[in-house]
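# Coordinate inspection notes
So you can see what is in the structure, the chains are spelled out below.
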Amino acid sequence: MRATIREAMAITFWTGWTTGVGAFLLAMVAKVPFGVTFLLGVLTVGPVLAIWRGRDRERDPLDLGQRAAAESIALAILLALGTYLSHRFG
């Protein structure tokens, strides 16, 4: 269970960081709505990063079910964070 949570936090951090910076810059420069951009980024960047992290099956400590659980946890955290930031900062 500890490895699943650690993996979920890693996916959450890297997805949130890359998507958040991109969405913030687009919101400031191009006046694109933050919430929509963040949601689109989370739904595309998150799975790509999870696939990259789990690509090497010989060194990966998680099995397929644990990796899916980690991605689901990360997705729930990021959607909640995106909803909060969208309401807070518009």
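Once a new chain begins, its residue numbering starts again from 1 and follows that chain's sequence as written. Reporting in this predicted model follows two pLDDT cut-offs: at least 70 for local features of residues, and 80 or more for side-chain atom pairs to be given and counted; totals over whole chains, interfaces and linings ignore these cut-offs and use all residues. The basis for every side-chain value is the complete set of heavy atoms in the structure, and neither hydrogens nor water enter the calculation.

This brings us to the pattern of salt bridges. Salt bridge, as used here: a side-chain nitrogen of Lys or Arg that lies within 4 Å of a carboxyl oxygen of Asp or Glu. For the coordinates displayed, the defined rule picks out one salt bridge. Glu7 is the salt-bridge partner of Arg67, the closest N and O atoms lying 3.0 Å from each other. In this pair, Arg67 sits in helix H3 (residues 64-89) while Glu7 sits in helix H1 (residues 2-29), placing the two residues 60 residues apart along the sequence. The exposure classification of Arg67 matches that of Glu7, with both residues buried. A run of H or I in DSSP becomes a helix once it reaches four residues, and a run of E becomes a strand once it reaches two; helices and strands are each numbered from the N terminus. Categorising residues by exposure relies on relative accessible area from a 1.4 Å probe, with only protein chains included: less than 20% of the type maximum marks a residue as buried, more than 50% marks it as exposed, and the intermediate range marks it as partly exposed.

What follows covers the nonpolar core. Counting residues in each nonpolar core, the largest one holds seven residues, listed as Ala23, Ala27, Phe34, Phe38, Val42, Leu78 and Leu85. Those elements giving two or more residues to this core turn out to be H1, helix H2 (34-53) and H3. In this description, contact between two residues means that some pair of their heavy atoms is separated by no more than 4.5 Å. For Ala27, the residues in contact, after removing those within four places along its chain, are Val32 and Phe34. Among buried residues, those of type Ala, Val, Leu, Ile, Met, Phe, Trp, Tyr and Cys that are joined through side-chain atoms within 4.5 Å constitute a nonpolar core.

Where H2 meets H3, the axes come as close as 10 Å, and the angle between the chain directions of the two elements is 160 degrees. With respect to H3, the element H2 is oriented roughly antiparallel. For the pair H2 and H3, the sense of crossing is right-handed. Here Phe34, Gly35, Phe38, Leu39, Val42, Leu43, Gly46, Pro47, Ala50 and Arg53 of H2 come into contact with H3, specifically with Arg67, Glu71, Leu75, Leu78, Leu79, Gly82, Leu85 and Ser86. Put simply, Ala, Val, Leu, Ile, Met, Phe, Trp, Tyr, Cys and Pro go in the nonpolar bin, Asp, Glu, Lys and Arg in the charged bin, and everything else, Gly too, in the polar bin. Grouping the constituent residues of the contact of H2 with H3 by class yields 11 nonpolar, four polar and three charged. Inter-axis angles, ranging from 0 to 180 degrees, are taken between N-to-C directions of lines fitted to C-alpha atoms, where helices are fitted over the stretch in contact. Should an angle fall under 35 degrees it is taken as roughly parallel, and over 145 as roughly antiparallel, whereas 65 to 115 is taken as roughly perpendicular and any remaining angle as oblique. Here a crossing is taken to be left-handed if its near helix is turned anticlockwise relative to the far helix by less than a right angle, and right-handed if that turn runs clockwise.

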